[in-house]
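As a plain string of letters, each chain reads:
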Amino acid sequence: MKLRNVLNTKTPKSPLQKKGSSSIRIRNSKWLSFPYILWMIGFIIIPILVILYYGLTNTDTSLTLDNVLAILDPINLRSLRLALGLSWKSTVICLLLAYPLAMILSKAKNKSNFIVMIIILPMWMNFLLRTIAWQNLLERTGVINTVLKFFNLPMLNIINTPNAIILGMVYNFLPFMVLPIYNVLIKIDKDIVNAARDLGANGIQTFLKIIFPLSLPGVISGITMAFVPSLTTFVISNILGGSKITLIGNVIEQEFRVGNWHVGSGLSLVLMIFILISMAIVSKFDKESEGNSLW
Amino acid sequence: MVKKITERFYVGLILFFLYAPIIILIVLSFNSSKSRARWGGFTLHWYKELFKNESIMNALYTTLIIAFLSALLATIIGTAAAIAINGMKKTPRTIMVAITNIPMLNADIVTGISLMLLFIAMRFTLGFSSVLISHITFNIPYVILSVMPKLRQLNAHTYEAALDLGASPIYAFFKVILPDIFPGVLTGFFLGFTMSLDDFVITYFTKGPEINTISTKIYSEVRKGIKPEIYALSTLMFISVLLLLIIINRKNADKQTVKKK
Amino acid sequence: MTDNKLINLLNITKSYGENVVLDELNLYIRENEFLTLLGPSGCGKTTTLRIIGGFESPDKGQVIFEGKDITNTAPNERQLNTVFQKYALFNHMTIAENIAFGLKIKKKTKAYINDKIKYALKLVNLDGFENRMPDSLSGGQQQRIAIARAIVNEPKVLLLDEPLGALDLKLRQDMQYELIRLKNELGITFIYVTHDQEEALTMSDTIVVMNQGYIQQIGSPEDIYNEPQNAFVADFIGESNILPSIMVEDKLVNILGTNFICVDTGFGQNKPVDVVIRPEDIDLVKPEEGIIKGVVTSLLFKGVHYEMEVNACGHDWLVHSTDLVPVGNEVGIWVDPFDIQIMNKPESEDEEAAELEI
């Protein structure tokens, strides 16, 4: 038996841990958050409670579930189902388009800022205008069809159909899918990937076993960031779907336009259930990065 | 090599997809025909008309003022909050971060409606202030999420070193912490500005009848046809931002090459 | 010696949640002393330094500086300066601006500041670096700037928190000489925190060995090395053989069943003790000439010497010797009486051991 090991048994079993993270902590900085806390209570939490109040009461302030149950009306139910279907499809398409793009961009030499800017830049052209421009592109006599006609190719007739709405959704929310995935991918340590290759994994295995699992928080954020606005839009359907296609967002907007606040709020509560589920999923995957993977 | 070409092609395709509508809008701004369906020849007419059109210029003014003020106030509130959150213990920090995520993850339509209902319930007249408050609300999270990572990267000891050398906490903050987190603060400001500029839905619900931003002005014209002046305005805004970004990028590139030497 | 206590820590207690980091710590630091707080990570040495610097406040106890209680004085109002572990230079400022930081706050004149910058850079052998940025400097250079930045403020005391921890071995050794020179030129008090015992032995006037929030021993480097007061100190400072033994009578100790002659007295009779024998103090001789016999079980070449383990009396003895003895050979072990250091056992284990003896 080694004597030096005997000695080790004398050191207490629970060694004191070095305290604190290396992150900066300014003493007495708590008060700095007071304006924000007040703001959050006043303009985030209370407004949600107000929706809750309107959604669960009648015009005569009596409690009721009718406003929420208005979702069961066949027309409303159909618009919800349609919205769920279209936003689900557009989210999947977004993911399929965004992931390869994010991967290619994450390997690029000139990092981060420039790439992020290229993706954000279209936002400086108004979102409504960009959507309206798709009318131009997609119309029967629009740009795309003119080009197709020139090459004697079959015409593309998707304006005023659900497919045009999906395209509009993909177009508008693709950046929100690309950025979180890109942000996670650039943070992956190159040596982790190299280690996987070193241990004999081929390109596909490395992707499936290492890169994709590590990028999952970004993927989840991206899905939420694309799914929620697609599910709740009323503008895209209005501009690209013609007047015949109504999504749940259109229904709610109409209710408010005609002053039917209680029903509108009730239907909003139904929407919020889906949003809450999305949030719960995000926060589950986002625990460590604390919101970082969103941007 | 083949892989590289495929990759480039793919990126090009996606960028084309993202920028095609923008090209269309720029082309339309030079279209002498009032209908957006027909090309009537090149003109700069709409650019001249734009500056004479009072309602569009008013909307532009409102849009820019709201974007600037909301981004500025959100930056101040958000940066302060980020510093405080960063110093918090785990549980309160988690709660704060979760609440910060609400406006980012919530649907615009729900945020817009909830704020509108709040303002009406409080007998607060819908107008400039209500839009400004709403924009600050959805901008703060962008600032916090931009500043937080920078705070975490800070060397914990630089602040203490400043105190050690005799600086008061406030002096130390402005001299040592702020310069280090400034890129994050700036990013937060620009993100907020952009989000405010591009917002339609929340503005739509909280603006009241008296004022218009570019977005709500466009929406009101969707059915009757967009005025070509709007295309001209958007083109001008887009081009100016594009130029700004190119200049910034050049400067950064220069800085980097200097550093390498 | 009691008249020049520059800093006096009285009954300092500090805990984080359930972790008691410092427990009723008492320590004074004399003027012009190079005092090193030495111990493993988590022993409370950095916390002690941060309490002196004012970055943490103790739960209990007082910090007295030149006779005045500064326990609740803010760090920016204390007459001490700190050199941080990772330099903590302000990366957005030039070297000159970094060094001038404290002086500008004190509203010194431009000429004075410029003189000071020149003087400080000369002192740390970095003349002409005024307009460089911190990130263009090597680790060793950054560390010297951090020292320069601190000393231009003419502090009474310089606190150094593992300042050489991030440097490589060669640089670390150079910087040790550099620090000793600085200390002598400046004539101020240094309080130095490290976990590196060699660093502590090389530079200090006084070493304070700490463990688990308690001071284990205070003394000169020679005292600490040659006469460790307990097994922890003996093991932490250098390599050693620590052997549970019985003090038979004055100047006679029974180690693993064999009586050895030693020079210590006053431990009583038949008292269990710990014995420390440094590996370089063990002489390997012919089997029949040693006090005990053993067999070499392992052999490593260490450059200056060979490190061997010799199994004797059921234990592996660590031996440093310039003579090579191949593995498997039988050797004799010889220890000079004055190389046997007797230490009291800690209280509680004392009783346990006593019971076992009966």
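Residues numbered from 1 in each chain as written. Chains lettered and ligands numbered in written order. Predicted model: local features only at pLDDT ≥ 70, side-chain atom pairs only at ≥ 80, totals over all residues. Heavy atoms only, no water.

## A short note on the overall build of chain C
A count of helices and strands for chain C gives nine helices and 20 strands. Reported as C-alpha extents along the three principal axes, the dimensions of chain C are approximately 75 × 45 × 35 Å. Within chain C, buried positions represent 54% of all 358 residues. The contacts in chain C between residues at least 6 apart in sequence include a share of 65% that link residues at least 24 apart. Carbon and sulfur atoms make up 48% of the accessible area of chain C, which amounts to about 16,100 Å² in all. Charge separation in chain C, taken as the distance between the mean sites of 32 positive and 55 negative side-chain charges, equals 14 Å. (Helix = DSSP H or I, 4+ residues; strand = E, 2+ residues; numbered from the N terminus. Buried < 20%, exposed > 50% of the residue type's maximum accessible area, 1.4 Å probe, protein only. Contact = heavy atoms within 4.5 Å. Areas by Shrake-Rupley, 256 points an atom, 1.4 Å probe, with all protein chains shown as cover. Lys, Arg positive; Asp, Glu negative; His and termini not counted. Charge placed at Lys NZ, Arg CZ, Asp CG, Glu CD.)

## A word on the interface of chain A and chain B
Taken together, the contact pairs 86 residues of chain A with 89 residues of chain B. Counting the surface lost from both chain A and chain B, the interface buries some 8,300 Å², and carbon and sulfur atoms represent 75% of this. Viewed at the interface, chain B and chain A are joined by two salt bridges. Across the pair A:Lys107 and B:Glu7 runs a salt bridge whose closest N-O atoms are separated by 3.1 Å. Taken together, chain A and chain B are joined by 12 residue pairs in polar contact (both at pLDDT 80 or more). If one sorts the elements of the side of chain A that touches chain B by residue count, helix H2 (residues 34-55) of chain A sits on top with 15 residues. Here the residues of the side of chain A that touches chain B sort into 60 nonpolar, 17 polar and nine charged. (Buried area = accessible area lost by both parts, 1.4 Å probe. Salt bridge = Lys/Arg side-chain N within 4 Å of Asp/Glu carboxyl O. Polar contact = N/O pair within 3.5 Å; in protein donor to acceptor, adjacent residues only side chain to side chain. Nonpolar A, V, L, I, M, F, W, Y, C, P; charged D, E, K, R; others polar.)

## Some thoughts on the sheet that holds strand S6 (residues 80-83) of chain C
Residues and elements named next belong to chain C. Pairing is mixed in the open sheet, where six strands are placed in the order S6-S7-S8-S3-S9-S10. The open sheet has two edge strands with one neighbour each: S6 and strand S10 (214-219). Between one strand axis and the next, the sheet turns by 20° as a mean value, whatever way the strands run. Direction of pairing for strand S3 (residues 34-38) relative to strand S8 (residues 189-194): parallel, over a ladder of five bridges. Residue threonine 36 lies in a different strand from S8, and its bridge partner there is tyrosine 192. (Pairing = 2+ DSSP bridges. Axes fitted to C-alpha atoms, helices over the stretch in contact; angles between N-to-C directions.)

## With respect to helix H4 (residues 139-151) of chain C
Taking 1.5 Å per residue, 13 residues should reach 18 Å; H4(C) reaches 19 Å between its end C-alpha atoms and fits that length. Of the positions making up H4(C), those classed as buried are C:Gly140, C:Gln141, C:Gln142, C:Gln143, C:Arg144, C:Ile145, C:Ala146, C:Ile147, C:Ala148, C:Arg149, C:Ala150 and C:Ile151. Those residues of H4(C) that are buried lie in contact with helix H7 (156-164) of chain B together with S6, helix H2 (95-105), helix H3 (110-123), strand S7 (157-161) and helix H5 (169-186) of chain C. (Expected span 1.5 Å × (residues − 1).)

## Some words on the nonpolar core
Membership of the largest hydrophobic core comes to 181 residues, with the highest contact counts inside it found for A:Tyr36, A:Val235 and B:Ile109. Both domain 1 (1-43) and domain 2 (51-234) of chain B contribute no fewer than three residues apiece to this core. The contacts of A:Val235, once residues within four sequence positions are left out, are A:Phe127, A:Leu128, B:Phe200, B:Val201 and B:Tyr219. C:Phe129, C:Ala146, C:Leu167 and C:Leu179 belong to the second largest nonpolar core, which has 36 residues in total. (Core = buried A, V, L, I, M, F, W, Y, C linked by side-chain atoms within 4.5 Å. Domains from an automatic or database assignment.)

As far as function goes, none of this settles anything; it's purely spatial.
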